[in-house]
Amino acid sequence: MDMSTKPAVSRGDVAIPQKIVDARVIVTCPGRNFVTLKIVTDQGVHGVGDATLNGRELAVVSYLRDHVIPCLIGRDAHRIEDIWQYLYRGAYWRGGPVGMSAIAAVDMALWDIKGKVAGLPVYQLMGGRCRDGVMVYGHANGESIDATLAAAKEYAALGYKAIRLQCAVPGLPSTYGVSKDKLFYEPADADLPTENLWSTEAYMRVVPELFARARAELGDDVHLLHDVHHRLTPIEAARLGKDLEAYRLFWLEDAVVAENQENFRLIRQHTTIPLAVGEIFSSIWDCKDLIQNQLIDYIRATVVHAGGLTHLRKIAAFADIHNVRTGCHGATDLSPVSMAAALNFDVSIPNFGIQEYMRHTDATDAVFPHAYRFEDGYLHVNETPGLGVDIDEDLAGEFPYRRAYLPVNRLRDGTMYHW
Ligand code: GCO
Ligand code: MG
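Reading the values: rules and limits
Residues numbered from 1 in each chain as written. Chains lettered and ligands numbered in written order. Predicted model: local features only at pLDDT ≥ 70, side-chain atom pairs only at ≥ 80, totals over all residues. Heavy atoms only, no water. Donors = N, O, S within 2.8 Å, 3.2 Å for Na, K, Ca; no water. Helix = DSSP H or I, 4+ residues; strand = E, 2+ residues; numbered from the N terminus. Buried < 20%, exposed > 50% of the residue type's maximum accessible area, 1.4 Å probe, protein only. Domains from an automatic or database assignment. Contact = heavy atoms within 4.5 Å. Buried area = accessible area lost by both parts, 1.4 Å probe. Salt bridge = Lys/Arg side-chain N within 4 Å of Asp/Glu carboxyl O. Pairing = 2+ DSSP bridges. Expected span 1.5 Å × (residues − 1). Phe/Tyr/Trp six-rings, centres within 6.5 Å; stacked < 30°, edge-to-face > 60°. Lys NZ or Arg CZ within 6 Å of the ring centre and 35° of its normal. Near = heavy atom within 4 Å. Polar contact = N/O pair within 3.5 Å; in protein donor to acceptor, adjacent residues only side chain to side chain. Areas by Shrake-Rupley, 256 points an atom, 1.4 Å probe, with all protein chains shown as cover. 1 Å grid on protein atoms, 1.4 Å probe; cavity = no way out; pocket = protein on both sides within 12 Å on 5 of 7 lines; lining within 4 Å. Sits in = over half its atoms within 2 Å of the grid points. Nonpolar A, V, L, I, M, F, W, Y, C, P; charged D, E, K, R; others polar. Points joined across faces, edges and corners; volume = space filled by probe spheres on them.

### Focus on the coordination of the magnesium ion (ligand 2)
Moving on, step 1. Distances from the magnesium ion (ligand 2) to its protein donors, D227 (OD), E253 (OE) and E279 (OE), fall at 1.9 to 2.2 Å.
Moving on, step 2. When the donors of the magnesium ion (ligand 2) are listed by position in the chain, the intervening gaps give D-x25-E-x25-E. Pair noted here: D227 is in strand β7 (residues 223–227) and E279 is in the loop between β9 (275–277) and α9 (288–292), with a separation of 52 residues, a long-range link. Neither residue differs from the other here; D227 and E279 are each classed as buried.

### Re the domain arrangement of the protein
Interface size is commonly expressed as the accessible area that is lost once the parts come together.
Moving on, step 1. For the protein, the assigned domains are domain 1 (10–122) and domain 2 (125–383).
Moving on, step 2. Taking only C-alpha atoms, the centre of domain 1 and the centre of domain 2 are 27 Å apart.
Moving on, step 3. Of the residues lining the interface, 32 residues belong to domain 1; the matching set on domain 2 comes to 32 residues.
Moving on, step 4. Regarding the contact of domain 1 and domain 2, the summed buried area is about 2,500 Å², with carbon and sulfur atoms giving 63% of it.
Moving on, step 5. The tally of links between domain 1 and domain 2 comes to 2 salt bridges.

### Section: the pairing of strand β6 (residues 195–198)
Moving on, step 1. A one-sided burial pattern is seen for β6, the buried positions being N196 and W198 and the unburied ones E195 and L197.
Moving on, step 2. Here β6 pairs with strand β15 (residues 408–411) via 4 bridges, running parallel. Note on β15: the bridge partner recorded for N196 is N409.

### What about helix α6 (residues 200–218)?
Moving on, step 1. Helix length check: α6 (19 residues) gives 26 Å between terminal C-alpha atoms against 27 Å at 1.5 Å per residue, within 8%.
Moving on, step 2. Summarising the contacts, the buried residues of α6 are in contact with α5 (145–157), β5 (162–167), β6, β7, α7 (234–244) and β16 (416–417).
Moving on, step 3. Of the residues one or two after α6, G219 is the one with positive phi, at around 90°.

### A closer look at the packing of aromatic side chains
Moving on, step 1. Applying the stated criterion to the full structure yields 12 aromatic pairs.
Moving on, step 2. In this structure an aromatic cluster arises from ring pairing among Y137, F250, W251 and Y298.
Moving on, step 3. The ring centre of Y86 lies 3.9 Å from the NZ or CZ of R75, which sits over that ring.
Moving on, step 4. The lysine or arginine in question, R231, covers the ring of W198, its NZ or CZ lying 4.9 Å from the ring centre.

### Topic: the site of ligand 1
Moving on, step 1. Lining the immediate surroundings of ligand 1 are 15 residues, of which N54, H229, E279, D333 and E356 lie closest.
Moving on, step 2. R164 places a polar side-chain atom, nitrogen or oxygen, 3.2 Å from an oxygen atom of ligand 1.
Moving on, step 3. Protein burial of ligand 1: of its 340 Å² of free accessible surface, 95% is covered by the chains.
Moving on, step 4. Counting atoms within 2 Å of the grid points, the majority share of ligand 1 lands in the largest pocket.
Moving on, step 5. Looking at the shell around ligand 1, its residues break down into 4 nonpolar, 4 polar and 7 charged.

### Some words on empty space enclosed by the protein
Moving on, step 1. A complete count under the given rule lists 5 cavities of 30 Å³ or more for this structure.
Moving on, step 2. Empty space within the largest cavity amounts to approximately 90 Å³.
Moving on, step 3. If you trace the largest cavity, you find 14 residues lining it, with Q166, T175, Y176, Y203 and H226 closest to the centre.
Moving on, step 4. Listed by contribution, the elements that provide at least two residues to the lining of the largest cavity are β5, α6 and β7.
Moving on, step 5. Tallying contributions element by element places α6 first for the lining of the largest cavity, with 4 residues.
Moving on, step 6. Looking at side-chain class alone, the lining of the largest cavity contains 9 nonpolar, 3 polar and 2 charged residues.

### Digging into the environment of I315
Moving on, step 1. Residue position: I315 is located in helix α10 (residues 308–321).
Moving on, step 2. For the pair I315 and E217, spaced 98 residues apart in sequence, the C-alpha separation works out to 37 Å.
Moving on, step 3. With sequence-adjacent residues up to four places away left out, I315 is seen in contact with S283, I284, C287, I291, I299, A301 and A306.

### Regarding the pattern of salt bridges
Moving on, step 1. Enumeration according to the criterion identifies 23 salt bridges in this entry.
Moving on, step 2. Where R300 meets E253, a salt bridge forms, and the shortest distance between an N and an O atom there is 3.1 Å. In this pair, R300 sits in the loop between β10 (298–299) and α10 while E253 sits in strand β8 (residues 251–253), placing the two residues 47 residues apart along the sequence.
Moving on, step 3. Take E253: its relative accessible area is 0%, and that puts it in the buried class.
Moving on, step 4. The network of salt bridges with shared partners includes D22, R24, K38 and E393.

Below, the structure written as structure tokens:
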């Protein structure tokens, strides 16, 4: 991996531009698809950005190749905010996951370049450390409550301070968050969408039992989390929150769909369970009302899907003044480039809450050599200039794109439901 950097360029009071001379999109599938943008300057410095949008990857590839890259060539890579505004305002059609993932990739790559030119890790450019390490949560899941708790104990033994618990719902052939491979969960597993089955009633029976046993068997010290994956109505979510209150969860995630942010007010009126939402949000406009009305406790917007570090930092600052903390999405469909960017963000903001961490496979780690490391429940960035991550393009070329969809969900009577 070439993590080498150029020394900081300075010529008195004249800024030396880093002119963008090349930008290319690399699609690779070391077990799952990733889209990466690489930007190169005339001074020979390059930066990388993640543009992966699970199940819709090639839409972002086209957005970048056909509509963004032609506008980048010749610009000064140092002008991060200006380029962000140019791409966001300049599209006229603002926001949305495809456009914002593309802008995010450009933004990450530009921060990477700036860090390398400065000879500093990106978090230093963002104000420096607010903490020593980034607390992460791992994913424990199982076909039964016993199996889920056994997996959770393995995570605790690995040093995790926070663990998400997902357990198969009795009577359903498959359940979100529960995989055969206990270490690597990958829902985008099929050439065409797999059809899953959902029953709110069955789900609402098993989850309180899971957490009652988890608190009893795992003790009081470990943080416990759960992801509803947008499947309840507000009043059902309120009931689940009340049912779980005694087990003091760190958060209940995506309790309802959030297209209508007011949904959360009803949940709030009934329960003190901490609420998290936002992994599918593209910008501040998806969470402004949630934050300013204090309807949530954690905002899960993440660097790749919410416009990059430049925009995510604005969301975090807005959240901070409303006492809302961050909890960035960190599933395996976010590449190590996103994780490196998220960690630089996480250590540098005052209102960090937690970071999701699903380990990537060895093949993915080999394609994306990185400098962050896990130790005793925390992820650590190190002092590598830039984001501290790169892409091995030759190795990436050995794993061609494979179409892969996320599942869809139906009720027992065949009605299309939320996945
Ligand atoms: C999470 C998420 C993921 C998503 C996945 C979809 O909390 O980690 O819900 O598991 O399902 O990122 O692409
Ligand atoms: Mg989730």
